[in-house]
Amino acid sequence: LTDPEALGFVFNINDNITPLLTNELIYYPMEDISIVVYAHRSSQFAKTHKTTSLKALTNESLLIFKPSAIVSPIETLASHCGLSQNIYLVNNLHGFHAIFENGNFITLGVCHKNATTLHNDNIVSIPIRDKINCTLGPIITKEALPNPFISDFIDYFFKQYNSTLY
């Protein structure tokens, strides 16, 4: 963060942020996030896997929604987990869904601990047995802490996040 009163969000994988934290930065991890595989219900992968491992994913075609040139958290996660050989990036959400629905691709995503539905009966989530420690949360500079807009935003964000099911 270059602006002393900036606020950012961090998708932290296996504590990869720890070396970047200085005495000037404060990270507010919200919770441990489970990473799952999402597959179309009719796909061969969904039909043959109730759970999976990272090793099993190395031979699968992984579809990632990437709306901009910025590296996405899921792209970082895939690379971090050694899944970078069969990645297909799509920058159009409608195109992503059209490709995903053909059943030839899987994707990675987060699964909120309170999630009860995926909002689509054709998509199934498949837990990954390997332990992947992920957290998500805001990061600010210590200089920004007294700013009431930033502290109110962080409080509001935590309240909304903890009360939302997705």
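Residues numbered from 1 in each chain as written. Predicted model: local features only at pLDDT ≥ 70, side-chain atom pairs only at ≥ 80, totals over all residues. Heavy atoms only, no water.

Structural notes on the confidence of the model for the protein
Then, number 1: Averaged over all residues, the pLDDT of the protein equals 83, while 91% of them reach at least 70.
Then, number 2: Here helix 3 (residues 73-80) stands out as the least confident element of the protein, with mean pLDDT 81; helix 1 (residues 44-48) is the most confident, with 94. (pLDDT = per-residue confidence, 0-100. Helix = DSSP H or I, 4+ residues; strand = E, 2+ residues; numbered from the N terminus.)

Let's talk about the side chain of threonine 135
Then, number 1: Mapping threonine 135 onto the fold places it in strand 8 (residues 134-141).
Then, number 2: Residue class for threonine 135 comes out buried when judged on its relative accessible area of 12%.
Then, number 3: Here tyrosine 27 takes part through its side chain, which lies 2.7 Å from a polar atom of the side chain of threonine 135.
Then, number 4: The contacts of threonine 135, once residues within four sequence positions are left out, are Val10, Phe11, Asn12, Tyr27, Pro29, Glu31, Asp32 and Ile33. (Buried < 20%, exposed > 50% of the residue type's maximum accessible area, 1.4 Å probe, protein only. Polar contact = N/O pair within 3.5 Å; in protein donor to acceptor, adjacent residues only side chain to side chain. Contact = heavy atoms within 4.5 Å.)

Here's the deal with the packing of aromatic side chains
Then, number 1: Evaluated as defined, the whole model comprises 7 aromatic pairs.
Then, number 2: For the ring pair phenylalanine 9 and phenylalanine 157, a centre distance of 4.8 Å and an interplane angle of 55° mean the geometry is tilted. Within this pair, whereas phenylalanine 9 is found in strand 1 (residues 7-13), its partner phenylalanine 157 is found in helix 5 (residues 148-163), the two being separated by 148 residues in sequence.
Then, number 3: On the numbers, 6.5 Å between centres and 75° between planes, the contact of tyrosine 28 with phenylalanine 158 is edge-to-face. With tyrosine 28 in the loop between strand 2 (25-27) and strand 3 (32-40) and phenylalanine 158 in helix 5, this pair connects stretches of sequence that are 130 residues apart.
Then, number 4: Residue tyrosine 28 is classed as partly exposed on the basis of its relative accessible area, which comes to 23%.
Then, number 5: A connected cluster of aromatic rings, assembled from ring pairs, spans Phe9, Phe153 and Phe157. (Phe/Tyr/Trp six-rings, centres within 6.5 Å; stacked < 30°, edge-to-face > 60°.)

Here's the deal with the environment of serine 84
Then, number 1: With respect to the secondary-structure elements, serine 84 resides in the loop between helix 3 and strand 5 (87-90).
Then, number 2: As a C-alpha pair, serine 84 and asparagine 23 span 61 residues in sequence and 34 Å in three-dimensional space.

Examining the side chain of threonine 52
Then, number 1: For threonine 52, the location among the structural elements is in the loop between helix 1 and helix 2 (54-57).
Then, number 2: Of the residues examined, threonine 52 reaches a relative accessible area of 1% and is grouped as buried.
Then, number 3: Once you skip the residues sitting within four places of it in the chain, threonine 52 turns out to touch Val37, Phe45, Leu57, Ile126, Pro127, Ile128 and Arg129.

As for the pattern of salt bridges
Then, number 1: According to the stated counting rule, one finds 1 salt bridge in the structure shown.
Then, number 2: Where lysine 66 meets glutamate 75, a salt bridge forms, and the shortest distance between an N and an O atom there is 3.2 Å.
Then, number 3: Here lysine 66 falls in the buried class, since its relative accessible area comes to 13%.
Then, number 4: On the basis of relative accessibility, which here comes to 15%, the residue glutamate 75 falls in the buried class. (Salt bridge = Lys/Arg side-chain N within 4 Å of Asp/Glu carboxyl O.)

Looking at the nonpolar core
Then, number 1: Formed by 32 residues in total, the largest nonpolar core has its most connected members in Leu57, Leu77, Leu108 and Ile132.
Then, number 2: Residue contacts for isoleucine 132: discarding those within four places in its chain leaves Ile13, Asn14, Ile33, Ile35, Leu54, Leu77 and Cys81.
Then, number 3: Counting residues in hydrophobic clusters, the runner-up holds 8 residues, among them Tyr38, Leu63, Val90 and Phe96. (Core = buried A, V, L, I, M, F, W, Y, C linked by side-chain atoms within 4.5 Å.)

Thoughts on helix 3
Then, number 1: Those residues of helix 3 that sit buried are Ile74, Glu75, Leu77 and Ala78. All buried residues of helix 3 fall inside an arc of 160° around its axis, so they share one side.
Then, number 2: Taken together, the buried residues of helix 3 touch strand 1, strand 3, strand 4 (62-65), strand 5, strand 6 (106-111) and strand 8. (Arc of directions from axis to C-beta.)

Some points on the pairing of strand 3
Regular strands show a simple pattern: their side chains alternate between the two faces of the sheet.
Then, number 1: Burial analysis of strand 3 places 7 of its 9 residues in the buried class, which makes it a mostly covered element.
Then, number 2: Where strand 3 meets strand 6, 6 bridges bridge the pair, whose relative direction is antiparallel. Along strand 6, the bridge assignment pairs isoleucine 35 with valine 110.
Then, number 3: Pairing geometry for strand 3 and strand 7 (residues 123-127), over 5 bridges, is antiparallel. Each bridged residue has a counterpart across the sheet, and for histidine 40 the counterpart in strand 7 is isoleucine 123. (Pairing = 2+ DSSP bridges.)

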